Amino acid sequence: ETKTDSVGCIRAITLPGVDPPIKEKLSAHSDAKCSFTFEVEPHAGIGLEEYRATMTAIPLTDGKTLLRYNAIASMSEDGLAGILEAYNKFLDGVAQAAEAAVPKAKGEEMDVVVVGAGFAGLYLIHRLRNLGFSVKGFERGGDVGGTWYWNRYPGAAVDVLSVDYQYAPESFGRELYDDWKWQQKYATQEEVHSYLR
């Protein structure tokens, strides 16, 4: 039996419309550093040539944990479009499942409740509303932004190109995509938070 934290173990990731499944291999693991590195095998079906990522858990003084994720990827433009299409199908499935599974609460009725107003939470609210669902979002912080609201330490910034943090035109529409201009190649926390607001 292969444990999930065993170096060399391979797991299959199944996405709608992507055949065969994507294969991910754990190439390094360190309990002492609380980190692991994995590689994804090249996949002609989605135009993926190379993908390697490292995730590290960093304990913070308030008892929370910061997850740092660094990735290097090489993918064709057609492959990226395929992944976005598969992700959209996945979200359609989530929306359909939510409609069937969410019990009706007393008082205000919602089809879906989204917890968290970071990149994913904001997109999910937008997407589900466009699909005709009634949605209510909840955020613990004083504003939207998720990680980019909470992590306001000096020098906080993205570690990849700013445009990699921008919603695709298919997500929030061409207008937002065309109108937003990043001021820096590697955006600061303040700029990313402004983008999400």
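If you're wondering where the values come from, they're calculated on a predicted model, not measured in any experiment. (Residues numbered from 1 in each chain as written. Predicted model: local features only at pLDDT ≥ 70, side-chain atom pairs only at ≥ 80, totals over all residues. Heavy atoms only, no water.)

Caption draft 1: Just the side chain of Q166, in detail. Here Q166 shows up in the loop between α3 (147–150) and α4 (169–172). Polar side-chain contacts of Q166 include one of 2.9 Å to the side chain of W182. (Helix = DSSP H or I, 4+ residues; strand = E, 2+ residues; numbered from the N terminus. Polar contact = N/O pair within 3.5 Å; in protein donor to acceptor, adjacent residues only side chain to side chain.)

Caption draft 2: How the structure looks around the packing of aromatic side chains. Applying the stated criterion across every chain yields a total of 12 aromatic pairs. Aromatic side chains F119 and Y167 sit 5.4 Å apart centroid to centroid with 55 degrees between the ring planes, which places their arrangement in the tilted category. Note that F119 is positioned in helix α2 (residues 119–130) and Y167 in the loop between α3 and α4, a separation of 48 residues in sequence. With centroids separated by 5.1 Å and ring planes inclined at 65 degrees, the aromatic side chains of W180 and Y195 adopt a geometry described as edge-to-face. You can see W180 sitting in the loop between α5 (174–179) and α6 (189–196) and its partner Y195 sitting in helix α6, a full 15 residues away along the chain. Just above the ring of Y149 sits the side chain of R152; from NZ or CZ to the centre is 4.3 Å. (Phe/Tyr/Trp six-rings, centres within 6.5 Å; stacked < 30°, edge-to-face > 60°. Lys NZ or Arg CZ within 6 Å of the ring centre and 35° of its normal.)

Caption draft 3: Structural view of the confidence of the model for the protein chain. Looking at the protein chain, the pLDDT average stands at 76 and 73% of residues meet or exceed 70. Per-residue pLDDT, averaged within each element of the protein chain, yields its smallest value for helix α1 (residues 77–101) (64) and its largest for α6 (92). Across residues 1–5, where pLDDT falls below 50, the model places six contacts with residues more than four positions away in sequence or in other chains. (pLDDT = per-residue confidence, 0-100. Contact = heavy atoms within 4.5 Å.)

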